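Coordinates in review
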Amino acid sequence: QVHLVESGGGLVQAGGSLRLSCAASGNIRRINDMGWYRQAPGKQRELVAAITSGDTQNYGDSVKGRFTISRDNANNTGYLQMNSLKPEDTAVYYCNARGTVITYRPFDAWGQGTLVTVSS
């Protein structure tokens, strides 16, 4: 099985920065795509950022220019650098990874979520 562990969330003041990490483990052959999603109380989960194996990046409109997604393929780890944080960014952030396990079967895994709280 594939297991994702997120870290780096916490409390930060508006205008500050946080860096989230997503470490993947298990019988992984290859991670093709990674993404970050977030969900605030009472709202739908939304895409924050995504990155392909070829480093093509996509961002939600609300975070363009402030957040940067990256990956360390050798360590099966993804990152989300968040700058100029706003109170509206407060949410639980989830990591997602898609790829293949060593038997060449596909997987689609999610992390447990990490809470980011931005104060005014």
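Structure: above.
Computed from a predicted model, the values in this text were never measured in an experiment.

Structural notes on the state of the cysteines
Throughout the structure, instances matching the rule amount to 1 disulfide. Here C22 engages in a disulfide with C95; their sulfurs sit 2.1 Å apart. As the torsion about the S-S bond is roughly -85 degrees, the C22-C95 disulfide counts as left-handed. Here C95 lies in strand β9 (residues 91-101) and C22 lies in strand β3 (residues 18-26), a separation of 73 residues in the sequence. Look at C22 and you get buried, because its relative accessible area is 0%.

Let's talk about the environment of G60
When you line up the elements, G60 lands in the loop between β6 (57-59) and β7 (67-72). Sequence separation of G60 and A49 is 11 residues, and the distance between their C-alpha atoms is 6.2 Å. The residues contacting G60, other than those within four sequence positions of it, are L47 and V48.

Focus: the environment of K86
Within the secondary structure, K86 is located in the loop between β8 (77-82) and β9. For K86, a relative accessible area of 36% gives the class partly exposed. For the pair K86 and A14, spaced 72 residues apart in sequence, the C-alpha to C-alpha distance is 5.0 Å. Filtering out sequence-adjacent residues up to four positions away, K86 remains in contact with R66 and V118.

Some points on the pairing of strand β11 (residues 114-119)
With burial as the criterion, only one face of β11 is covered, namely that bearing T114, V116 and V118; the residues L115, T117 and S119 on the opposite face remain uncovered. Of the strand pairs in this sheet, β9 and β11 are connected by 3 bridges, and their pairing is antiparallel. Counted as the bridge partner of Y93 is T114 from β11.

A closer look at the sheet that holds β7
Strand order across the open sheet formed by 4 strands is β1-β3-β8-β7, with antiparallel pairing between neighbours. Two strands in the sheet have a free side with no partner beyond their single neighbour: β1 (2-7) and β7. Each adjacent strand pair in this sheet contributes to an overall mean axis angle of 15 degrees, direction not counted. Strand direction decides the pairing type here: β3 and β8, joined by 6 bridges, are antiparallel. Bridge pairing in β8 links A23 to T77.

Details of the nonpolar core
Soluble globular proteins tend to bury their nonpolar side chains together. Membership of the largest hydrophobic core comes to 30 residues, with the highest contact counts inside it found for W36, L80, M82 and Y93. For this core, the element with the highest residue contribution is β9, accounting for 5 residues. Dropping the residues within four chain positions of it, M82 is found in contact with G16, S17, L18, L20, R66, F67, Y93 and V116.

About the cut-offs
Residues numbered from 1 in each chain as written. Predicted model: local features only at pLDDT ≥ 70, side-chain atom pairs only at ≥ 80, totals over all residues. Heavy atoms only, no water. Disulfide = S-S within 2.5 Å. Helix = DSSP H or I, 4+ residues; strand = E, 2+ residues; numbered from the N terminus. Buried < 20%, exposed > 50% of the residue type's maximum accessible area, 1.4 Å probe, protein only. Contact = heavy atoms within 4.5 Å. Pairing = 2+ DSSP bridges. Axes fitted to C-alpha atoms, helices over the stretch in contact; angles between N-to-C directions. Core = buried A, V, L, I, M, F, W, Y, C linked by side-chain atoms within 4.5 Å.

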